[in-house]
Every structure is written in structure tokens, then in C-alpha cells.
Amino acid sequence: PGRDAKGAALALFTARLHRPDLTTHKAVLQAIIYQLDKAIESVQTQRDGLIFIYDMTNSTYANFDYELCVKILNLLK
């Protein structure tokens, strides 16, 4: 729940917390869509934008899901 110096909303996806063996792509994408829908309800976010951060800090190969990354990037396009 924060904004950058220019007022853009921040959306953070923390890769090290992702467990591909326990979570479906559908569930992750639905969560992202829900959060983005909520974010753009804000007039300030509509005006100042949104920054999506994919934080890979301390993540391991077990947290990584290439297909999901591609789907997230396509979603954000």
C-alpha cells in the first residue's frame, strides 16, 4: 500500500513466496487481476499510473515458474 515519489501506485509480486507446487496459474492470475482492478478504482492511480514490481530477491528455482511469468507479462500488456 504505497506510492512512488511521483504518486504512482506500487504493486509487488514477491517471487520467493510463490509455491508453484501448491498454487495454480489461474489462482495467481485471478489474484493479480483483482488487485489491479482495485488499484485502478483510485482516481490518483488512474492519473499517476501503477508500477508492477516482480521482486526476485532470495527466490530459488523452486519458486520460479516460467510459464506463469509469461502469462503475467501478457496480462500486463
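Residues numbered from 1 in each chain as written. Predicted model: local features only at pLDDT ≥ 70, side-chain atom pairs only at ≥ 80, totals over all residues. Heavy atoms only, no water.

*Asks:* Describe the overall build of the protein, and please don't skip the residues or the numbers.
*Replies:* Per the secondary structure count, the protein includes 3 helices and 2 strands. The order of α-helices and β-strands along the protein, N terminus first, is β-α-α-β-α. Summarising its shape, the C-alpha atoms of the protein cover approximately 35 × 25 × 20 Å along the three principal directions. Taken over 77 residues, the protein has a buried fraction of 26%. By sequence separation, contacts in the protein at least 24 residues apart represent 77% of the contacts at least 6 residues apart. Surface accessibility of the protein: about 5700 Å² in total, with carbon and sulfur atoms responsible for 58%. (Helix = DSSP H or I, 4+ residues; strand = E, 2+ residues; numbered from the N terminus. Buried < 20%, exposed > 50% of the residue type's maximum accessible area, 1.4 Å probe, protein only. Contact = heavy atoms within 4.5 Å. Areas by Shrake-Rupley, 256 points an atom, 1.4 Å probe, with all protein chains shown as cover.)

*Asks:* How would you sum up helix H3 (residues 66–76)? Please name residues and give values.
*Replies:* Where H3 is concerned, the buried positions are Leu68, Cys69 and Ile72. The buried residues of H3 occupy one face: seen down the axis, they fall within an arc of 105°. In H3, the exposed positions that point more than 90 degrees away from the buried face belong to Tyr66, Glu67 and Leu73. (Arc of directions from axis to C-beta.)

*Asks:* Talk me through the packing of aromatic side chains; I want residue IDs and the actual numbers.
*Replies:* For the structure on display, the rule yields 1 aromatic pair. Here the aromatic rings of Phe13 and Tyr54 are separated by 4.9 Å at their centres, their planes lie at 20°, and the arrangement is stacked. Within this pair, whereas Phe13 is found in strand S1 (residues 9–14), its partner Tyr54 is found in strand S2 (residues 50–55), the two being separated by 41 residues in sequence. According to the relative accessible area criterion, Tyr54 is partly exposed, its value standing at 26%. (Phe/Tyr/Trp six-rings, centres within 6.5 Å; stacked < 30°, edge-to-face > 60°.)

*Asks:* Give a detailed account of the side chain of His25, specifying residues and quantitative values.
*Replies:* Its place among the elements puts His25 in helix H1 (residues 25–39). At 2.7 Å, the side chain of His25 and the side chain of Asp65 are in polar contact. Apart from residues no more than four positions distant in its own chain, His25 is found in contact with Asp65, Glu67, Leu68 and Lys71. (Polar contact = N/O pair within 3.5 Å; in protein donor to acceptor, adjacent residues only side chain to side chain.)

These values are about where atoms sit, not about what they do.
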